[in-house]
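# Residue-level structural notes
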Amino acid sequence: MKRFFILLFILFAPFWLQAEKLEKVSLQLQWLDQFQFAGYYVAKEKGFYKEAGLDVELLKFDNRVNPVEAVFGKKATYGIGRSSLIIDRSEGKGIVLLASIFQSSPSILLATKDSDIKTVKDFVGKRIMMTTDAATSVALQAMLNRNGVSIDDMTRVKHSFDINDLINKKTDLMASYISNEPFLLQEKGIEYTLFDPKDYGFDFYSDILFTSDDEIKNHQQRAMRFTEASLKGWKYAFSHIDETIELILDKYNVQNKSRVALTFEADALKKLAYANGEDLGHIGKEKIEKIYDFYNVMGLLENRIDFDKFVRHEHQDMVLPLLSKKERAYLKQHMTVTFTGDPNWLPFEAFDNSGNYIGIVADHLALIENSLGIKFNKIVSTTWSDALSIAMEGRASIISGDAADKILNQKFNPIDSYIQNPIVIVMKHTHDYVDNLKEIANKKIAVIKDYGYTADIYKNYPNIKFIEVENIQDALLGVETGQYDAMLASLSLASYTIAKMALDSIGIVGKTDMVMNVTLFVNKDKPLLHSIINKAIRNIDAVDHQNILAKWRHGSTIVKIDYTLVWQILALLGVVFIFMIYRFQMMSNYNKKLEKLSTTDALTELYNRRYLDTNMSAALELAKRYNTPFSLILMDIDDFKNINDTYGHDEGDRVLQKIATILSEHSRSNDIVGRWGGEEFLIICSHSNTEGALTVAEKMCRTIEEEVCFHDVCVTASFGVAEYDDDDTSDSIISKVDKALYRAKAEGKNRVIVAAK
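These notes cover the structure that comes with them. Note that this is a predicted model, so its numbers are computed, not measured.

## Thoughts on the sheet that holds strand β5 (residues 107–112)
Within the open sheet, the 5 strands sit side by side as β7-β6-β8-β5-β9. Their pairing is mixed. Of all strands in the sheet, those bounded by a partner on one side alone are β7 (155–157) and β9 (192–195). Averaged over all pairs of adjacent strands, the angle between their axes in this sheet comes to 30°, without regard to strand direction.

Below you can see the structure in the form of structure tokens.
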């Protein structure tokens, strides 16, 4: 028996020891259980707190308990409060703000439609049901004051928290949450009017997670672990609303809310949590200072607040001590830093349709903001040229880009590069691993025009003739369709764009010895800012850095064949394997010939109608997806029937071949030229507007007239040009360019006509 207990102890000791290691902390809730606290429920039930080494007790709401007094009196480790925490701090209570769950407050005033309360001015003489906490809400007070109304102009009624008191006219106005009471009125079919401080310019934080000075002083890392685990719970709750509602219904539903009510609440709170494009939990010192000013103007504050001690950020204490006295002084005077970047360079950076800055660089900037307590004022650009102009004109102090960019290096100092991305080779999946770029030197290799590292490519491989393309989308599409054999790009950019465009037949087959370094460029006139940002970047935790890269990574694995294994198999299989290889090569060559035959016109060796149809659809999709221009040129040989009838079809075939050569030679590298049918030819001009396509067409028209002459006859051709519009389909754009060609014929031939818009 003794041995049994010893064995039992050995088996379960790790679990007992682990349980002992968990630190006990508590969180005081400020209201009854509902979705308002869902993130904390999830963090507890999903084990996020336990993973952070914490045993968390969620202290239920008690109207006799003030969360601030509970935390300040050490009856709770953490609490949840409103912006009125500023008052507590000014009164000398050691309150420290950790995160704000809601970027905008859900607090509103509610009236029924039949109360005839239409404006804030109508509040005068009315009964208002509100708590003391709501009465001290500066957002609500500011909304009233702005309209010449004060709480003293109304009759205060004790809050019953019963919506029926509003319906039954026991009160005229009720302090409410936008996520709760409006739903109850909707459910009863009662029309209402809500008064939201945000609509009057008073947009404050709410449900702020806070702790005490003592907790930060003695258990700073624990506070950070608790905050991170809580935010993880909130992210999960908002990403799995249905599952979270099930949890609340099962264990946290003292109010007996319905599933529909909880869903309404969840949707409303999610909008508030991510309002203003901020990250979940973000709390900015600048906004807190603004809220402070409102409280101060209203005479609600006793003493000035030390905002550096009041608002905590996860990485502050790691970076700020590294700054010099001059750097700290500079930072104090420049809490907002202007920044701009490329609007279309994902996964590195972009401005989305709402003007939000996203990508790898954006996520790193967020860490810098937290570490320094600053705010980047991100100036939205429309193109890379626009971003460059913004920076060059001094409207932005910082711009991101390729460290090799010669233009940026003239006026800006790069910080240490924090993203090193190898330049990789993209080809069809059927191609073997490429160990050296020289192995495919005779292939058609596309590179992206005007990228910083492109100059290095030319310098390192002077004997390879590269084809420049406007953007990576055109380059990748060209590889997939066979227009190019390969293309070069940075690893992250290539893998992200391949995944986004769903290009299944191509992938990364090798890498070069070159690297693209992404960095931040700081205006040379701001050396202190350069030094500060450099220190902040250096102190970003390696795990955080890798998590960001992983977040934006899309299948960036380079496929490499294990030739050692191949030789082992060869040694084992011998002649049988050699025969299989021979057969495979024969079939591969046969398939390549079939592929060429299926996409090529036999007479002119240009692409055929089938290939043109496929690529036109792809070009349309690309234009729609990335809002890039795209044009078609349709050409028809003038009086070609007379040539065949007079000189025979053989002579006519030679004319077709000659013109095909001219079209190929005078088209651009990323244009697709093909025979549309008979004596008609189609040129697909990706990433080209009307002006660009018109220039190409006019050059072809002149060259045909000058060079295609036989039997004292000069052959001419007519051209139609049409640019893609947002509502175009393949059929509609073909119809447009066909009508333009018809007009060219009707107006005398041997000319170029642009389709009417």
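## Considerations on the packing of aromatic side chains
To describe a pair of aromatic rings, you give the distance between the ring centres and the angle between the ring planes. Evaluated as defined, the whole model comprises 24 aromatic pairs. Consider the rings of Trp31 and Phe161, whose centres lie 4.6 Å apart with planes at 45°: the pair is tilted. On the criterion of sequence distance, the pair formed by Trp31 in the loop between β1 (23–28) and α2 (38–45) and Phe161 in the loop between β7 and α8 (163–167) is long-range, its members being 130 residues apart. What makes Phe161 partly exposed here is its relative accessible area of 42%. On the numbers, 5.4 Å between centres and 80° between planes, the contact of Phe202 with Phe294 is edge-to-face. Here Phe294 lies in helix α13 (residues 285–297) and Phe202 lies in the loop between β9 and β10 (206–212), a separation of 92 residues in the sequence. One aromatic cluster is present, formed by Phe35, Tyr40, Phe102, Trp234, Phe238 and Tyr274 through successive ring pairs. The ring centre of Tyr205 lies 4.5 Å from the NZ or CZ of Lys287, which sits over that ring. Seen from the ring of Trp676, Arg609 lies directly overhead, with NZ or CZ sitting 3.6 Å from the centre.

## Focus: the pairing of strand β11 (residues 336–340)
Sheet topology places β11 next to strand β15 (residues 375–378); 4 bridges connect them, and they run parallel. In the sheet register, Val337 faces β15, and the bridge partner there is Phe376. In this sheet, strand β16 (residues 398–402) lies alongside β11 in parallel orientation, the contact comprising 2 bridges. When the bridges of β16 are listed, Thr340 appears paired with Ile399.

## What about the state of the cysteines?
The tally for this structure, following the rule as stated, stands at 1 disulfide. A sulfur-sulfur separation of 2.5 Å characterises the disulfide bridge that pairs Cys709 with Cys714. Residues Cys709 and Cys714 are joined by a disulfide whose S-S torsion is about 100°; by sign, that bridge is right-handed. Classification of Cys714 by relative accessible area gives partly exposed; the value is 48%.

## Observations concerning the side chain of Ser718
Within the fold, Ser718 resides in strand β28 (residues 717–723). A relative accessible area of 0% means that Ser718 is categorised as buried. Among the polar contacts made by the side chain of Ser718, one reaches the side chain of Asp638 at a distance of 2.7 Å. What Ser718 contacts, discounting residues up to four positions off in sequence, is Leu634, Met635, Asp636, Asp638, Leu741, Ala744, Lys745, Lys749, Asn750 and Arg751.

## As for helix α31 (residues 730–746)
Helical periodicity: at 3.6 residues per turn, an α-helix aligns residues three or four positions apart in one direction. Across its 17 residues, α31 extends 24 Å between first and last C-alpha, which sits within 8% of the 24 Å expected from 1.5 Å per residue. Taken residue by residue, α31 has Ile733, Ile734, Lys736, Val737, Ala740, Leu741 and Ala744 as its buried positions. Looking down the long axis of α31, one finds its buried residues gathered within 160° of arc, a one-sided arrangement. Those residues of α31 that are exposed and aimed more than 90 degrees away from the buried face are Asp731, Lys739, Tyr742 and Ala746. Immediately downstream of α31, the backbone of Gly748 shows phi near 120°, a positive value.

## Observations regarding the pattern of salt bridges
Counted under the stated rule, the structure contains 37 salt bridges. Here Asp214 and Lys74 are joined by a salt bridge, their closest N and O atoms 2.7 Å apart. Placement of the pair is Asp214 in helix α10 (residues 213–239) and Lys74 in the loop between α4 (67–72) and β3 (78–81), with a sequence separation of 140 residues. By relative accessible area, Lys74 is classed as exposed at 59%. Between Lys551 and Asp363 there is a salt bridge; the shortest N-O distance is 3.1 Å. Of the two residues, Lys551 is situated in helix α24 (residues 542–551) and Asp363 in helix α17 (residues 360–372); the sequence distance between them amounts to 188 residues. Connected via shared salt-bridge partners are Glu23, Glu215, Arg222 and Arg225.

## Brief notes about a negative patch on the surface
On the surface, Glu665, Glu705, Glu706 and Glu707 cluster together to form a negatively charged patch. With 3 residues, the single largest contributor to the negative patch is helix α30 (residues 690–707). Relative to the assigned elements, Glu707 resides in helix α30. When its relative accessible area of 42% is taken as the criterion, Glu707 is described as partly exposed.

## As for the sheet that holds β28
Spatially, 5 strands are ordered β24-β25-β23-β28-β29 in an open sheet, and the strand pairing comes out mixed. The outermost strands of the open sheet, each flanked by one partner alone, are β24 (672–677) and β29 (752–754). Direction aside, the axes of adjacent strands within the sheet are offset by 20° on average. Taken together, the 5 bridges between β24 and strand β25 (residues 680–686) define a ladder with antiparallel strand orientation. The partner of Gly674 across the bridge, within β25, is Leu682.

## Quick look at the packing of helix α11 (residues 241–251) against helix α12 (residues 259–273)
At a minimum axis distance of 10 Å, the contact between α11 and α12 shows a crossing angle of 130°. With respect to α12, the axis of α11 lies oblique. For the pair α11 and α12, the sense of crossing is right-handed. Judged by residue contacts, Ile241, Ile245, Glu246, Ile248 and Leu249 of α11 engage Arg259, Leu262, Thr263, Ala266, Asp267 and Lys270 from α12. Here the residues of the contact of α11 with α12 are counted per class, giving 6 nonpolar, 1 polar and 4 charged.

## Brief notes about helix α21 (residues 472–481)
In terms of burial, α21 is largely enclosed, as 9 of its 10 residues are buried. Restricting attention to buried positions, one finds in α21 the residues Ile472, Gln473, Asp474, Ala475, Leu476, Leu477, Gly478, Val479 and Thr481. Following α21 by one or two positions, Gly482 adopts a phi angle in the positive range, close to 90°.

## Points about the environment of Leu612
With respect to the secondary-structure elements, Leu612 resides in helix α27 (residues 609–626). Exposure remark for Leu612: the relative accessible area of 0% places this residue in the buried category. When the C-alpha atoms of Leu612 and Ile672 are compared, they prove to be 7.8 Å apart, with 60 residues separating the residues in sequence. Those residues in contact with Leu612 that lie beyond four places of it in its chain are Tyr607, Ile672, Val673, Gly674, Arg675, Trp676, Leu682 and Ile684.

## Some points on the packing of α21 against α27
It is the contact of α21 with α27, at a shortest axis distance of 12 Å, that shows an interaxial angle of 155°. Comparing their axes, α27 and α21 come out roughly antiparallel. Considering only the axes of α21 and α27, their crossing is right-handed. Residues Gln473, Asp474, Leu477 and Thr481 of α21 touch α27, and the partners they reach there are Tyr611, Asn615, Ala618, Ala619, Leu622 and Tyr626.

## Looking at the pairing of β10
With 7 of its 7 residues buried, β10 lies for the most part within the structure. Pairing of β3 with β10 involves 3 bridges; the strand directions are antiparallel. Paired with Gly81 across the two strands is Ile208, which belongs to β10. Both strand β4 (residues 95–102) and β10 contribute to a ladder of 6 bridges, which runs antiparallel. In the sheet register, Phe102 faces β10, and the bridge partner there is Ser206.

Conventions and cut-offs
Residues numbered from 1 in each chain as written. Predicted model: local features only at pLDDT ≥ 70, side-chain atom pairs only at ≥ 80, totals over all residues. Heavy atoms only, no water. Pairing = 2+ DSSP bridges. Helix = DSSP H or I, 4+ residues; strand = E, 2+ residues; numbered from the N terminus. Axes fitted to C-alpha atoms, helices over the stretch in contact; angles between N-to-C directions. Phe/Tyr/Trp six-rings, centres within 6.5 Å; stacked < 30°, edge-to-face > 60°. Buried < 20%, exposed > 50% of the residue type's maximum accessible area, 1.4 Å probe, protein only. Lys NZ or Arg CZ within 6 Å of the ring centre and 35° of its normal. Disulfide = S-S within 2.5 Å. Polar contact = N/O pair within 3.5 Å; in protein donor to acceptor, adjacent residues only side chain to side chain. Contact = heavy atoms within 4.5 Å. Expected span 1.5 Å × (residues − 1). Arc of directions from axis to C-beta. Salt bridge = Lys/Arg side-chain N within 4 Å of Asp/Glu carboxyl O. Patch = residues over 30% accessible without salt bridge, like charges linked within 9 Å, V, L, I, M, F, W, Y side chains within 5 Å. Areas by Shrake-Rupley, 256 points an atom, 1.4 Å probe, with all protein chains shown as cover. Lys, Arg positive; Asp, Glu negative; His and termini not counted. Charge placed at Lys NZ, Arg CZ, Asp CG, Glu CD. Parallel < 35°, antiparallel > 145°, perpendicular 65-115°, else oblique. Left-handed = near helix turned anticlockwise from the far one by under 90°. Nonpolar A, V, L, I, M, F, W, Y, C, P; charged D, E, K, R; others polar.

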